[in-house]
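# Geometric and topological summary
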Amino acid sequence: MDIQNVFVIGAGQMGSGIAQVFAQSGFRVILHDMNESAVDRGINSIQKLLLRAVEKERITEENKEAILSRITLSTDLQDARNTDLVVEAVIENIDVKKEIFTELDKIAPADAILATNTSSLPITDIASVTNRPEKVIGMHFMNPVPVMKLVEIIRAIQTDEETYETIAEVTKKLYKTSVQVNDFPGFVANRILMPMINEAIYTVYEGVATIEDVDTVMKLGMNHPMGPLTLADFIGLDTCLYIMEVLHDGFGDSKYRPCPLLRQYVQAGWYGKKTGRGFYTYD
Ligand code: CAA
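Residues numbered from 1 in each chain as written. Predicted model: local features only at pLDDT ≥ 70, side-chain atom pairs only at ≥ 80, totals over all residues. Heavy atoms only, no water.

### Structural notes on the overall build of the chain
Within the chain, the regular secondary structure consists of 11 helices and eight strands. Against the 2.2 N^0.38 benchmark of 19 Å for 283 residues, the chain shows a C-alpha radius of gyration of 19 Å, consistent with a compact globule. Within the chain, the proportion of its 283 residues that are buried is 48%. For the chain, contacts bridging at least 24 residues in sequence account for 67% of all contacts bridging at least 6. Here the chain has roughly 13,700 Å² of accessible surface; of this, 52% comes from carbon and sulfur atoms. Positive and negative charge centroids in the chain, built from 27 and 39 side chains respectively, lie 3 Å apart. (Helix = DSSP H or I, 4+ residues; strand = E, 2+ residues; numbered from the N terminus. Rg over C-alpha atoms; globule rule 2.2 N^0.38 Å. Buried < 20%, exposed > 50% of the residue type's maximum accessible area, 1.4 Å probe, protein only. Contact = heavy atoms within 4.5 Å. Areas by Shrake-Rupley, 256 points an atom, 1.4 Å probe, with all protein chains shown as cover. Lys, Arg positive; Asp, Glu negative; His and termini not counted. Charge placed at Lys NZ, Arg CZ, Asp CG, Glu CD.)

### So, the site of the ligand
Close to the ligand lie 17 residues, the nearest being R52, K56, R58, H140 and N143. A distance of 2.6 Å is found between an oxygen atom of the ligand and a side-chain nitrogen or oxygen belonging to R52. Interatomic distance of 2.8 Å between a side-chain N/O atom of H140 and an oxygen atom of the ligand. In the complex, 64% of the free accessible area of the ligand, which totals 1,000 Å², lies under the protein chains. Looking at the shell around the ligand, the elements that each hand over two or more residues are α2 (36-55), α7 (189-205) and α9 (228-235). (Near = heavy atom within 4 Å. Polar contact = N/O pair within 3.5 Å; in protein donor to acceptor, adjacent residues only side chain to side chain.)

### Some points on the packing of aromatic side chains
Using the criterion set out here, one finds six aromatic pairs in the structure. Centroid distance F22 to F141: 6.5 Å. Interplanar angle 65°. Geometry classified as edge-to-face. Residue F22 is found in helix α1 (residues 13-24), and its partner F141 is found in strand β6 (residues 136-141); the two are separated by 119 residues along the sequence. Ring geometry for Y265 versus W270: centroids 5.2 Å apart, planes at 85°, classification edge-to-face. Through pairs of rings, three or more aromatic residues link up here, namely F22, F27 and F141. We note R277 situated over the ring of W270; from NZ or CZ to the ring centre the distance is 3.6 Å. (Phe/Tyr/Trp six-rings, centres within 6.5 Å; stacked < 30°, edge-to-face > 60°. Lys NZ or Arg CZ within 6 Å of the ring centre and 35° of its normal.)

### Some remarks on helix α3 (residues 61-69)
If you check which residues of α3 are buried, you get K64, I67 and L68. Take α3 and look down its axis: the buried residues cluster within an arc of 95°, on one side only. Those residues of α3 that are exposed and aimed more than 90 degrees away from the buried face are E62 and S69. Its buried side turned inward, α3 meets α1, α2 and β3 (71-74). (Arc of directions from axis to C-beta.)

### What about the nonpolar core?
With 36 residues, the main nonpolar core has F22, L85, M139 and F141 as its most contacted residues. Top contributing element to this core by residue count: α1, with six residues. In this structure, F22 is in contact with V6, F27, V29, L85, V87, M139, F141, V170 and L174, ignoring residues within four places of it in sequence. M194, A200, Y202 and L229 belong to the second largest nonpolar core, which has 24 residues in total. (Core = buried A, V, L, I, M, F, W, Y, C linked by side-chain atoms within 4.5 Å.)

### Examining the pairing of strand β5 (residues 113-116)
For a regular strand, side-chain orientation follows a simple rule: the groups alternate between the two sheet faces. Side-chain alternation along β5 places I113 and A115 on one buried face and L114 and T116 on a second face that is also buried. In terms of strand pairing, strand β4 (residues 85-88) meets β5 through four bridges, oriented parallel. Looking at β5, one finds that E88 is bridged to T116. Regarding the hand of the β-α-β motif, the stretch spanning β4, helix α4 (residues 94-107) and β5 is right-handed. Pairing geometry for β5 and β6, over three bridges, is parallel. In the strand pairing of β6, A115 is matched with I137. (Pairing = 2+ DSSP bridges. Right-handed = clockwise from strand over helix to strand, strands pointing away.)

### A few points about the UniProt feature "site: Important for catalytic activity" (unreviewed entry) in the chain
Using the residue numbers shown here, the UniProt feature "site: Important for catalytic activity" (unreviewed entry) corresponds to H140. If you trace the backbone, H140 turns up in strand β6. Among all residues touching H140, those that are not within four sequence positions of it are T116, N117, T118, S119, L150, V151, E152, I154, F187, A189 and N190. There is a polar contact of 2.8 Å between the side chain of H140 and the side chain of E152. (UniProt positions renumbered as here; feature names shortened; annotations may be inferred.)

Right, dumping it as structure tokens:
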């Protein structure tokens, strides 16, 4: 199936990054969110990153304008009526996602693929609310989307081969590498990453080492670009807790129990970079 028009739902950090990489690869993109201030924030962040790319002479001013001309903004879900592919990147809440997919199923053309960027929710469950479950798939980008090379492509139990092949091809056109993953809690990325972050938090909780020293061990000892606690702040501690709970509930195994300190930080509203305080403080 030939994909040309892409509808991205959610203009937050992930959605705007996804819209940017599609537009950079020549796709026409509609970036949607519920209100104008949200879509404006999304397009502003894309403009800023493209401007930086021009300043670093990675792209020309003309390239930047061409990329931006391929992105239009929308606050109306009905604008998905001519799309070939939808990529949903809204809040990680199964009820919200199911509601959106139920609506989208009525609006998008019958042969359009409906993808979700969920980082851990069951694609099989989301697919089940549509009349085209074989065309529903997970397309999990990593943060920051314009930089990170990986996309986890998650097959719901209902996803057909053609849908998978189409999304694998599209991912290549975005200059990203994909891996094929079956629909189990946390997929691959978060099943491995989140227990590592959770264990780093336990290490601090049990007084084994300081926050800074735990990060230094993983940065200098393992060559990770960021220590796990810095990364947790960057992802959002609320998101980290949420994903640990998905793993804990999904597998019923105590090895995935969220660290009490993580829970406490989230209760305190210390979500990391986005709220100015997590394991570190931010201006
Ligand atoms: N958006 C776009 N570009 C960004 C960016 C952002 N938020 N942050 C940094 N960059 C770009 C910079 O512009 C820079 O590009 P140039 O070379 O063109 O200037 C490049 O990335 C390197 O940035 P910096 O030199 O400022 O900093 P750095 O070398 O530390 O790199 C980083 C930043 C790429 C984020 C790096 O620290 C890193 O790889 N960190 C780990 C990221 C990671 O693990 N992501 C996965 C998170 S988990 C996830 O996404 C899954 C989930 O479901 C939770």
